[in-house]
Amino acid sequence: MPELDPEDAKIVTLARSARARTGAAEGAAVRDTDGRTYAACTVSLPSLKLTALQAAVAAAVASGAPGLEAAAVVTEAGKVDDDSHAAVRDLTPSAHVLLANPAGTVLDTLR
């Protein structure tokens, strides 16, 4: 893959940090159209289950983000699940989603 844009590298780093800090299955981060970033990890409670990307999108929406430029998911799963991808698409269909492994290597860019 080509070298990452510095702003995309930042959200991959934030996603890795969220995952590592909590020991969660996934970490994610999004960048809104104003340049603000939001990071989150998988939420698995008896009454609430969110993927990391759903949680990051929810944080952005709750903060008043007008839309998203990009998102990143760090996971060992090797794919971004459909519900996570849909959360991004619901807010901004044109935002790209970076899939990275726990080492931070970007494996794919979803459009």
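The coordinates are above.
Computed from a prediction, not measured in an experiment: that's the story for all the values here.

### Quick look at the nonpolar core
Piece 1. Residues Val30, Leu53, Val57, Leu68, Val88 and Val97 are the most contacted members of the largest nonpolar core, which totals 20 residues.
Piece 2. Those elements that place two or more of their residues in this core are β1 (26-32), β2 (37-41), α2 (52-62), β5 (68-75), α3 (82-91) and β6 (96-100).
Piece 3. Per-element tally for this core: the top contributor is α2, with 6 residues.

### Thoughts on the pairing of β1
Piece 1. The element β1 is extensively covered by neighbouring structure, given that 7 of its 7 residues are classed as buried.
Piece 2. Looking at chain direction, β1 and β5 are connected through 7 bridges and run antiparallel. The residue of β5 that forms the bridge with aspartate 32 is leucine 68.
Piece 3. Here β1 pairs with β2 via 5 bridges, running antiparallel. Residue pairing across strands places arginine 31 opposite threonine 37, the latter belonging to β2.
Piece 4. Once β1 ends, the chain turns through 4 residues before running back antiparallel as β2, passing glycine 35 with a positive phi of about 90°.

Rules behind the numbers
Residues numbered from 1 in each chain as written. Predicted model: local features only at pLDDT ≥ 70, side-chain atom pairs only at ≥ 80, totals over all residues. Heavy atoms only, no water. Core = buried A, V, L, I, M, F, W, Y, C linked by side-chain atoms within 4.5 Å. Buried < 20%, exposed > 50% of the residue type's maximum accessible area, 1.4 Å probe, protein only. Helix = DSSP H or I, 4+ residues; strand = E, 2+ residues; numbered from the N terminus. Pairing = 2+ DSSP bridges.

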